Amino acid sequence: MAQEKFTFQAEVSKLLDIVAHSLYSHKEIFLRELISNASDACDRLRYEALTEPKLTAGDADFRVTITIDNKAKTLTVSDNGIGMDHDDLTGALGTIARSGTQAFVDQLDGEGDDKLAMIGQFGVGFYSTFIVAKKVEVLTRKAGGKDAWLWSSDGRGEFTIADAERDARGTDVIVHLDKKQDEFLDPARIETVVKQHSDHIGIPVVLKEKDGDRTLNTASALWTRDKKSITEDQYKEFYQHVSHSFDQPWMTLHNRVEGVLSYTNLLFVPSTPPYDLFHPDRKPQVKLYVKRVFITDDCEGLLPPYLRFMRGIVDSEDLPLNISREMFQHNPQLAKIKSGLAKRLFSELKKKAEKKPDEYAEFWGNFGAVLKEGIYEEPENRERILALARFKSTTQDGLVSLEEYVGRMKKSQDAIYYISGEDSEALLKSPHLEGFKAKNVEVLLMTDPVDDFWISAVADFDSKPFKSAARAGADLDKIKGGVKDKKKDADNKKDGEKDGAAAIEPLLAQFKVVLGAAVKDVRPSERLTESAVCLVTGEGDMDARLERILKQNRQAGAGDMTPRVLEVNPGHPLIQGLAERARTGDGQDPLIADAAFLLLDQARIVDGEVLADPQAFSRRLTAVMESGLKV
Ligand code: ADP
Ligand code: MG
């Protein structure tokens, strides 16, 4: 018998090691995984047989069979599904073809306690068998083929494939149990595990016993059953099956829609973010069935990319069974299902947000950044998503909605103010917010990169425009109230004192000359109360953070950022001192020149930018400190 030897892909060996240790306390899930693969194999054959009926001729009753051999100490899970040929075997068992595998395994190296949850999200599938096995054999024959193959491995880095015999199509996975795993030779134990983890499987899972075969599961697809008869645990098991995960569903949507278009959806929102949530292909992960026949788990037309965190199935009564991939893009029925699913989810989320704001906040923390992509990708759902959006705010604890923000707006305020940046702690200290704090004007903190995209696509909410607190023309002076106004009124009463802004005019003029093209303009600031300077985006210019993101992704031209406006605080002692020198000097003061650049760089640092010329910065700083010593 010809035998070929192969080595596992490096990631598989690593994964196997980690799996065996971290999943040991859940070792019975190997059975769930094998049954799930067997059922998938039947699903796939059923689909193939739609166009090639002879593939299932003679044996169209799909089932999974479990056989216990006490002498050989083996547990065998068999199916009459699609089977595997030589290429399928080398491709499927021994590698992990899924996207992001390398990155995922690297991540596992570092992490400690969260491994279980992480592996769960990734779905170890077939490899979980090695938790209980000292050797695994896979005897398989592809539907429509004549050759059979025996795949064999002890899970230590190598596997072999040899030609073999099998009477009919399908696969046997023969698990040679480790010494201490005798419990899986006990029919009662097997029954419990199947009932608990695999009851929802749509085909019979049969245990072979001396006195005949016994079906262990309910053997009807869970989503076809009456909602009232389904327990929360059964939903959970089904969710874990379709999502390959270990967590709980955060929300379950099980509906039967009847009418012009009939379909059933059993969809879940996970309670932890999947590891590949931000993978660039942004593929939706919901399985499409037509009249209970599995069609595909790669159906782009079923859910929009911004709902890719959803898991579960949709079973349509009306789509043609022979629907092809190309048809997914343009099928009007599918488009209707898609929009129906999105609306259903939005309305459930809305209810949850109202009734259980704390739980909703968890959801928002996990998936808000993804959902917000829909604001600019799907204008017809824009208002719905904006209503669901939550933000951190400068004046409130927790998360706030736009509706709440608008309800709190000051009478003289006509815009929704926001500030965007990488991290809310840093944003809260931003000089841009000083004037808003002083006037007690609420500002929303936008910390997801996606915020900069949708906000440039959305004009307003509830007819209130969004305005960046880091942009010129924030119109703060129009808003009444707060400490600043009172102070100003008092200031105004002292006559004989020069108006702050006018007093620094000569300084600003010198700054402009010195800084040249490095800034768009130099202006007195309305918003600063503590800091000497800050940088704001000019009217009509791109938001600084958006520009930074686009540059990182090479979507905006290389080179320097668009120059911004340097705002200068007329009330700051340093500025007042410099202004005094500017008024009395000859316009060539080197200290003012150094100060101009130092203040500009300082504003850049505060904004989280990296200085283009740190040498020049230190040279100037040294010069200024040195001149301080001379006094
Ligand atoms: P997943 O089920 O998520 O794809 P698994 O590790 O469970 O990952 O299985 C890997 C692959 O091995 C499957 O995608 C399938 O191609 C193949 N496979 C496993 N078991 C069977 C089976 N019983 N019949 C046919 N193919 C199988
Ligand atoms: Mg699997």
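With respect to the packing of helix α9 (residues 332-355) against helix α10 (residues 357-371)
- Viewed as axis vectors pointing N to C, α9 and α10 meet at an angle of 140°, and their least axial separation amounts to 8 Å. Considering the angle they form, α9 stands oblique to α10. Note that α9 runs across α10; the crossing there is left-handed. Along the contact surface, α9 presents F346, L349, K352, A353, E354 and K355, while α10 presents P357, E359, Y360, F363 and L371.
- Considered class by class, the residues forming the contact of α9 with α10 number seven nonpolar, no polar and four charged.

Thoughts on helix α23 (residues 614-629)
- Between its terminal C-alpha atoms α23 stretches 23 Å, which fits the 22 Å expected from 16 residues at 1.5 Å a residue.
- The set of residues buried in α23 consists of A616, F617 and R620. Here the buried residues of α23 occupy an arc of 105° about the axis, which is enough to place them on one side. Away from the buried face of α23 by more than 90 degrees, exposed residues Q615, R619, M625 and L629 are located.
- Its buried side turned inward, α23 meets α22 (590-606).

What about the confidence of the model for the protein chain?
- Chain-level statistics for the protein chain give a pLDDT mean of 89 and a share of 91% at 70 or above.
- Long-range and interchain partners of residues 488-497, a stretch whose pLDDT sits below 50, account for one contact in this model, where long-range means more than four residues apart.

Some remarks on the pattern of salt bridges
- Applying the stated criterion across every chain, the model contains 43 salt bridges.
- Note that R46 is salt-bridged to D43, the shortest N-O span being 3.3 Å. Residue R46 and its partner D43 are both found in helix α2 (residues 29-51); the two are separated by three residues, about one turn of the helix.
- Among the residues examined, R46 registers a relative accessible area of 24% and is labelled partly exposed.
- Residue classification places D43 among the buried residues on the basis of a relative accessible area of 8%.
- Between R583 and E580 there is a salt bridge; the shortest N-O distance is 2.8 Å. Placement of the pair is R583 and E580 together in helix α21 (residues 573-584), with a separation of three residues, close to one helical turn.
- Since its relative accessible area comes to 35%, R583 is described here as partly exposed.
- A residue is classified by how much of its surface remains accessible, and E580, at 42% relative accessible area, is partly exposed.

Focus on the site of ligand 1
- Lining the immediate environment of ligand 1, one finds 13 residues, of which N37, D79, A92, F126 and H244 sit closest.
- Between D79 and ligand 1, the recorded distance is 2.9 Å, taken from a side-chain N or O atom to a nitrogen atom.
- Within the backbone of F126, a nitrogen or oxygen atom sits 3.0 Å from an oxygen atom of ligand 1.
- Out of a free accessible area of 530 Å², ligand 1 has 82% covered by protein chains.
- In terms of residue count, the dominant contributor to the shell around ligand 1 is α2 (three residues).

What counts and what doesn't
Residues numbered from 1 in each chain as written. Chains lettered and ligands numbered in written order. Predicted model: local features only at pLDDT ≥ 70, side-chain atom pairs only at ≥ 80, totals over all residues. Heavy atoms only, no water. Axes fitted to C-alpha atoms, helices over the stretch in contact; angles between N-to-C directions. Helix = DSSP H or I, 4+ residues; strand = E, 2+ residues; numbered from the N terminus. Parallel < 35°, antiparallel > 145°, perpendicular 65-115°, else oblique. Left-handed = near helix turned anticlockwise from the far one by under 90°. Contact = heavy atoms within 4.5 Å. Nonpolar A, V, L, I, M, F, W, Y, C, P; charged D, E, K, R; others polar. Expected span 1.5 Å × (residues − 1). Buried < 20%, exposed > 50% of the residue type's maximum accessible area, 1.4 Å probe, protein only. Arc of directions from axis to C-beta. pLDDT = per-residue confidence, 0-100. Salt bridge = Lys/Arg side-chain N within 4 Å of Asp/Glu carboxyl O. Near = heavy atom within 4 Å. Polar contact = N/O pair within 3.5 Å; in protein donor to acceptor, adjacent residues only side chain to side chain. Areas by Shrake-Rupley, 256 points an atom, 1.4 Å probe, with all protein chains shown as cover.

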